[in-house]
Amino acid sequence: MELSGKLHPEIDSGAEDEAQPAAREAALVAHARRGDEAAWTALVAAHQEPVFRLAYLMLGNGRETTAVAEDVAQEAFVRAYRNLDQFEDGRPLRPWLLAIAANLARNRRRSAGRYWAALRRWWQAERRERTVKAQSQNERDDAHLLWQALQRLSLAHQQALYLRYFLDMPEEEMAEVLDIAAGTVKSRLYRGRQALQAVLQEEFPLLYEEWQQR
Amino acid sequence: MPIDEQQLAEIAATFSYPPTPDIAGRVQKALQPRPARPRRTQRLAWAVLVLLLLASALLAVPTVRAALREFFKIGAIRILPEPALPGEATTTPAVTIPAADRVTDVAPVETQAPPSATHLPTRTLLDLAGATTWEAAQAEVGFPLRYPPEHGLPDEIYRQEVWDPGLEAPVFILVWRDEDRPSEVALALYQIPLPYYGLKSASLSAISETLVYEQRAYWVEGPHRLQLQTGEVAEWLFVAGNVLIWAEGEVTYRLEGADTVAEAVRIAESLAPHRDK
């Protein structure tokens, strides 16, 4: 290790330095860039939850989602570490990490696309029947149903809605993750909500009615 | 009534995620056993040195020297002639390698298809992923995507990600379905804006030279193997159909599904950009 825990105490203690989080992150990035794996591990620990959660959401509902999301998150951090020279100094790390993770999750979804493509027609033909069945279950979880509905949207809309509403990310940071202008974030969110509303009305009518009555 | 943002956020906030695993620990393990990776140029220099040493050693052995082969290079694709595939009649080579495209390479020791060989990626729609739209695809590439007007716009477009730092141009595959068997692909057109995409391995008798817009192109007829390189992963695929490969500028085109070379060339020379009316 290049540094002792004294110079970056969060490695040893996990303590949060509320006063200078950005400066501390920049210092850790600088150390990691020089090959200090402990500094990078501290950064991973600080950001692993949103990275894992975004990967989980983007991978969609499946038996292996948790394990694959874990793989994606790990790969994202490993790739980020190996490409730290491409990271712009002074920028917050989280948007860059989330962008890498989202890219990897999209690729995983595409490699899983063989399975999904086979299911697509079947799904479209029978989705109404299955949706009604799913919604009739007493133990229905609105948030889970919302996730199912979101998976019917384009990946671009999904990613925007996950970042904004599931990960509670400010639009400015979203613009960095998505590499688009702030104004485009607003319009993408708007169109995403419109698309979501159409899906809810058509395929999740009970959930939609419930929302309207709240 | 439109969806209320606040309500959406409140419901999303109740989403039950699985516990976040110890990714930091996994990353630490993944990083520790590996020494720092040398830079790409250093790796390339080492690889060249090793290849030169290996080639020098092999050239000293007459039997090995006879096994040296040449491969064709066109755009982003290399075509490595190999002995006839099992069951394929050995005929007079249909083409000689032009000096401009000639590269000497050491023949692989193993000539059989690797066990991981799979079927042609574009034989059925089930093999494709990353569906996108013409507009989205066009917005992502720095050249006009083209299609054969006689076939109309493709039924589907698929985006193939090539994730490699500094080499992130996607490959787009335009697909026209078989009208009689809609789940299968009648025609597929790859548009490849990359310096390197794949290595084809085909019987020399299956490779013929042709012209697209008076530029050299290659027609690979019948079964052959295609090695795709994505990042650090190389995957061998078994391609059962005919393929025309040509390059225009920095874009390599790979047309799959034409029955004859004449048909393939006609399609290739008919390609036009799509213009919204």
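Residues numbered from 1 in each chain as written. Chains lettered and ligands numbered in written order. Predicted model: local features only at pLDDT ≥ 70, side-chain atom pairs only at ≥ 80, totals over all residues. Heavy atoms only, no water.

Peer 1: When you look at the overall build of chain B in this model, what are you seeing that I'm missing?
Peer 2: For chain B, the count of helices and strands is 6 helices and 16 strands. Expressed as a percentage of contacts within chain B between residues at least 6 apart in sequence, the contacts between residues at least 24 apart total 64%. Element-wise, carbon and sulfur atoms account for 57% of the exposed surface of chain B, whose accessible area totals about 14800 Å². (Helix = DSSP H or I, 4+ residues; strand = E, 2+ residues; numbered from the N terminus. Contact = heavy atoms within 4.5 Å. Areas by Shrake-Rupley, 256 points an atom, 1.4 Å probe, with all protein chains shown as cover.)

Peer 1: In this structure, what is going on with the overall build of chain A? I would like to understand it.
Peer 2: Secondary structure summary: chain A contains 11 helices and 0 strands in total. Written out in order from the N terminus, the α and β elements of chain A read α-α-α-α-α-α-α-α-α-α-α. Taken over 214 residues, chain A has a buried fraction of 49%. Long-range contacts, defined as pairs at least 24 residues apart, comprise 66% of the intrachain contacts of chain A with a sequence gap of at least 6. (Buried < 20%, exposed > 50% of the residue type's maximum accessible area, 1.4 Å probe, protein only.)

Peer 1: Would you mind showing me how to read the packing of aromatic side chains here?
Peer 2: Geometry of an aromatic ring pair is reported as the spacing of the ring centres plus the angle between the planes. Summed over all chains, the structure comprises 12 aromatic pairs over all chains. Judged by centre distance (5.2 Å) and plane angle (75 degrees), the rings of W147(A) and F15(B) are edge-to-face. You can see W147(A) sitting in helix α7 (residues 142-150) and its partner F15(B) sitting in the loop between α1 (5-13) and α2 (23-31), one on each of two chains. This pair shows no difference in class: W147(A) is buried, exactly as F15(B) is. Among the aromatic side chains, those forming a connected cluster through ring pairs are F52(A), Y56(A), W147(A), Y162(A), F166(A), F15(B) and Y17(B). Above the face of the Y190(B) ring, R254(B) is positioned so that its terminal group lies 4.7 Å from the ring centre. (Phe/Tyr/Trp six-rings, centres within 6.5 Å; stacked < 30°, edge-to-face > 60°. Lys NZ or Arg CZ within 6 Å of the ring centre and 35° of its normal.)

Peer 1: Quick question: what am I supposed to make of unusual backbone geometry here?
Peer 2: When glycine is set aside, most residues are seen to have a negative phi, and most peptide bonds are trans. Despite not being glycine, Y213(B) shows a phi value in the positive range, around 50 degrees. Note on Y213(B): relative accessible area 41%, which makes it partly exposed.

Peer 1: Sorry if this is basic, but what is going on with the nonpolar core here?
Peer 2: Considering soluble globular proteins, one finds that nonpolar side chains tend to be buried as a cluster. The biggest cluster of nonpolar side chains holds 74 residues, and the ones touching the most others in it are W40(A), L146(A), L163(A), F166(A), L196(A) and L200(A). Residues A137(B), V212(B), W219(B) and A264(B) belong to the second largest nonpolar core, which totals 26 residues. (Core = buried A, V, L, I, M, F, W, Y, C linked by side-chain atoms within 4.5 Å.)

Peer 1: How do you make sense of the pairing of strand β6 (residues 156-160) of chain B when you look at a structure like this?
Peer 2: A regular strand places its side chains on the two faces of the sheet in alternate fashion. All names here are of chain B. Of all 5 residues in β6, 4 are buried, a share of seventy percent or more. Summarising the sheet, β6 and strand β7 (residues 171-177) pair through 5 bridges and their orientation is antiparallel. Across the sheet, residue Q160 finds its bridge partner in β7, namely V171. (Pairing = 2+ DSSP bridges.)

Peer 1: Looking at this structure, how should I read the side chain of T65(A)?
Peer 2: Looking at the secondary structure, you find T65(A) in helix α4 (residues 65-82). Apart from the residues within four sequence positions on either side, T65(A) is in contact with Y56(A), L59(A) and G60(A).

Peer 1: Help me out: how do you make sense of the sheet that holds strand β15 (residues 251-256) of chain B in this one?
Peer 2: In any sheet, the strands associate via hydrogen bonds between backbone groups, in a parallel or an antiparallel arrangement. Residues and elements named next belong to chain B. The strand order across the open sheet built from 8 strands is β4-β6-β7-β8-β15-β14-β11-β10, with neighbouring strands paired in antiparallel fashion. The sheet is open, and its two edges are formed by β4 (131-132) and β10 (207-212), each paired on a single side. Here helix α6 (residues 261-270) sits on the sheet in contact with β8 (185-192), β10, β11 (215-220), β14 (243-248) and β15, set at roughly 35 degrees to β10. (Axes fitted to C-alpha atoms, helices over the stretch in contact; angles between N-to-C directions.)

Peer 1: Could you clarify how one ought to interpret helix α10 (residues 182-203) of chain A in this entry?
Peer 2: Count 3.6 residues to each turn of an α-helix, and residues three or four apart come out pointing the same way. A rise of 1.5 Å per residue sets the reference length of α10(A), with its 22 residues, at 32 Å; its end C-alpha atoms lie 31 Å apart and thus fit the reference within 8%. Buried within α10(A) we find V185(A), R188(A), L189(A), G192(A), R193(A), L196(A), Q197(A), V199(A), L200(A) and E203(A). (Expected span 1.5 Å × (residues − 1).)

Peer 1: Help me out: how do you make sense of the pattern of salt bridges in this one?
Peer 2: Pairs may arise between side chains of opposite charge once their charged atoms sit close together. This structure, assessed with the given rule, holds 17 salt bridges over all chains. Here R26(B) makes a salt bridge to E70(A), at a shortest N to O gap of 2.9 Å. Of this pair, R26(B) sits in helix α2 while E70(A) sits in helix α4, which puts the two residues in different chains. The class for E70(A) is buried, based on a relative accessible area of 18%. E209(B) is the partner of R216(B) in a salt bridge, and the nearest nitrogen-oxygen pair spans 3.3 Å. Relative accessible area serves as the criterion here: at 37%, E209(B) is assigned to the partly exposed category. Taken together, the shared-partner salt bridges in this structure form one network comprising E70(A), D71(A) and R26(B). (Salt bridge = Lys/Arg side-chain N within 4 Å of Asp/Glu carboxyl O.)

Peer 1: Would you explain the confidence of the model for chain B in this entry?
Peer 2: In regions of low pLDDT, the predicted coordinates are not meant to be interpreted in detail. Residues and elements named next belong to chain B. With 53% of its residues at a pLDDT of 70 or more, chain B has an overall mean of 69. Here strand β3 (residues 103-105) is the element of chain B with the lowest mean pLDDT, 37, and strand β5 (residues 146-147) is the one with the highest, 92. For residues 84-127, every residue scores under 50 in pLDDT, and the model assigns this stretch 101 contacts once sequence neighbours within four places are set aside. For this predicted complex, the interface confidence reaches an ipTM of 0.78, while the overall pTM sits at 0.47. (pLDDT = per-residue confidence, 0-100.)

Peer 1: Teacher, can you tell me more about the pairing of β10(B) here?
Peer 2: Note: β10(B) against β11(B), 6 bridges, orientation antiparallel. Looking at β11(B), one finds that S208(B) is bridged to W219(B).

Peer 1: Please explain the environment of R164(A) as it appears in this structure.
Peer 2: All names here are of chain A. Assignment of secondary structure puts R164 in helix α8 (residues 155-166). Taking the C-alpha atoms as reference points, R164 and V185, 21 residues apart in sequence, are found 9.7 Å from one another. Other than its neighbours up to four places away in sequence, R164 contacts M169, E171, M174 and L189. In this structure the side chain of R164 is engaged in a polar contact, spanning 3.2 Å, whose partner is the backbone oxygen of M169. (Polar contact = N/O pair within 3.5 Å; in protein donor to acceptor, adjacent residues only side chain to side chain.)

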